[in-house]
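# Remarks on the overall topology
Chain by chain, the residues run as shown.
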Amino acid sequence: MKIVVDRDLLIDSLQLISNVVERRQTLPVLSNMRLIVKDGQLEMVGTDLEIELQATITVNAESDGEITVPAKKISDIWRSLPSEQPIVMEQVGDRLKIKSGGSSYSLSTIAVSEFPESLGDIEGEAIEINSERFRRSVEEVAFAMAQQDVRYFLNGMLIEISGDGVRAVATDGHRLATSVLSMDHGVSEVKQVIIPRKGILELQRMLSDEDGDVDITLGSNHMRARASQMTLTTKLVDGKFPDYNRVIPKDGNKVISAEREVLRQALSRTAILSNEKFRGIRSVSYTHLTLPTKA
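Residues numbered from 1 in each chain as written. Predicted model: local features only at pLDDT ≥ 70, side-chain atom pairs only at ≥ 80, totals over all residues. Heavy atoms only, no water.

The next subject is the packing of aromatic side chains. Taken as a whole and assessed by the stated rule, the structure comprises 1 aromatic pair. Ring geometry for Tyr-152 and Phe-153: centres 5.7 Å apart, planes at 75°, overall edge-to-face. What makes Tyr-152 partly exposed here is its relative accessible area of 45%. (Phe/Tyr/Trp six-rings, centres within 6.5 Å; stacked < 30°, edge-to-face > 60°. Buried < 20%, exposed > 50% of the residue type's maximum accessible area, 1.4 Å probe, protein only.)

Bringing the packing of helix H3 (residues 131–142) against helix H4 (residues 197–207) into the picture now. Taken N-terminus to C-terminus, the directions of H3 and H4 make an angle of 145°; their axes are 10 Å apart at the nearest point. The element H3 and its partner H4 pack so that their crossing is left-handed. Residue-level contacts link Ser-131, Phe-134, Arg-135, Val-138, Glu-139 and Ala-142 of H3 to Ile-200, Leu-203, Gln-204 and Leu-207 of H4. Looking at side-chain class alone, the contact of H3 with H4 contains 6 nonpolar, 2 polar and 2 charged residues. (Axes fitted to C-alpha atoms, helices over the stretch in contact; angles between N-to-C directions. Helix = DSSP H or I, 4+ residues; strand = E, 2+ residues; numbered from the N terminus. Left-handed = near helix turned anticlockwise from the far one by under 90°. Contact = heavy atoms within 4.5 Å. Nonpolar A, V, L, I, M, F, W, Y, C, P; charged D, E, K, R; others polar.)

Moving on: the pattern of salt bridges. Counted under the stated rule, the structure contains 13 salt bridges. Ionic pairing is found between Lys-2 and Glu-62, a salt bridge with its closest N-O pair at 3.6 Å. Placement of Lys-2 in strand E1 (residues 2–5) and of Glu-62 in strand E5 (residues 60–63) is noted, with a sequence separation of 60 residues between them. With a relative accessible area of 51%, Glu-62 lands in the exposed category. Ionic pairing is found between Arg-135 and Glu-132, a salt bridge with its closest N-O pair at 2.7 Å. Taken together, the residues Arg-135 and Glu-132, both in helix H3 and 3 residues apart, mark about one turn of the helix. A cluster of three or more residues bridged by salt bridges with shared partners is formed by Glu-132, Arg-135, Arg-136 and Glu-139. (Salt bridge = Lys/Arg side-chain N within 4 Å of Asp/Glu carboxyl O.)

The next subject is unusual backbone geometry. Of note, the phi angle at Asp-39 is positive, near 55°, even though the residue is not glycine. With respect to the element layout, Asp-39 can be found in the loop between strand E2 (32–38) and strand E3 (41–47). Of note, the phi angle at Leu-49 is positive, near 80°, even though the residue is not glycine. Here Leu-49 shows up in the loop between E3 and strand E4 (51–58).

A separate point is the sheet that holds strand E16 (residues 222–226). What the 8 strands build is an open sheet, ordered E6-E2-E3-E4-E17-E16-E15-E10; its pairing is antiparallel. Every other strand in the sheet has two partners, leaving strand E6 (65–70) and strand E10 (126–130) as the edge strands with one partner each. Ignoring which end each strand starts from, the neighbouring axes of this sheet average 20° apart. The pairing of E10 with strand E15 (residues 213–218) spans 5 bridges and is classified as antiparallel. Within E15, the residue paired with Asn-130 across the bridge is Asp-213. Contacts between helix H1 (residues 7–20) and the sheet are confined to E2, E3, E4 and strand E17 (230–235), with E4 contributing the most and set at about 165° to the helix. In this fold H4 packs onto E4, E15, E16 and E17, with an angle of close to 170° to the strand it touches most, E17. (Pairing = 2+ DSSP bridges.)

Turning our attention to the sheet that holds strand E12 (residues 165–171). Spatially, E13-E12-E11-E14 is the arrangement adopted by the 4 strands of the open sheet, whose pairing is antiparallel. Looking at strand neighbours, the two that pair on one side only are strand E13 (176–182) and strand E14 (191–196), the edges of this open sheet. In this sheet, adjacent strand axes meet at a mean angle of 20° when their direction is disregarded. In this structure, strand E11 (residues 156–161) lies alongside E14, joined through 6 bridges in antiparallel fashion. Looking at E14, one finds that Glu-160 is bridged to Gln-192. Packed on one face of the sheet, H3 meets E11, E12 and E13 and runs near 165° to E13. Helix-sheet contacts for H4 involve E11 and E14, and the interaxial angle to E14 is about 90°.

This part takes up the side chain of Arg-224. Take Arg-224: it is sitting in strand E16. At 2.7 Å, the side chain of Arg-224 and the side chain of Thr-233 are in polar contact. (Polar contact = N/O pair within 3.5 Å; in protein donor to acceptor, adjacent residues only side chain to side chain.)

Geometric descriptors of this kind do not, in isolation, establish any biological role.
Here you go:
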């Protein structure tokens, strides 16, 4: 395997894939990413057995091949290299040589046969969504996800796709957030899945620079998001998400309208005196009265 490639072409993809790979793994090969060069295409894959991220990019390939290299190391090396110099990656025996200008690196590898098999195809109905709108919808509710709750199904986000569009819901048992992304077309029947917290975070990163559409496929055990060059596959959380419709008040008769920034600043000033055990702010509604003055 030997390719010549510009630094800026791979920098974002390498960083995203290295984020998926865990630093501490029981299997050493899971700290590596797989590189496959074939027919002028470079395919990069990283996985922690729960989430798989794949990027495919057109490169100048002098020879094909397949190899696995330490994900964090190659990402750090790539960031340190100058953008104006082309980079040569070449497999020499069981080492990967990286050269750019006056810099040269040699990375150890692990046999490709030890790398996990791909999560494979997902059987399910796919839906095409604007990536920017979908990312914003997910970000609007991500803060409400639980982090290490014993109710494992709360450590993620509910994605519901119906004929009207996509709804994202998250709760940690104390607060609940929901966002609706309306669409002209959806799926034939309502589909609900729970995506784990890490899967949501990686999905947000993947879509941060996308300006086109993303294809979402929901299967029985996996969710797949396919954008222009990146494909994210994540296992789903097996559990029953709370019925969010029963949580949202239906007969509320108190409506307050306020300028967003003014309200945010007022809450920030008040929260200074809240404590770690009870980070609460009391809201009191009152009416200004103008009393007549004495003559």
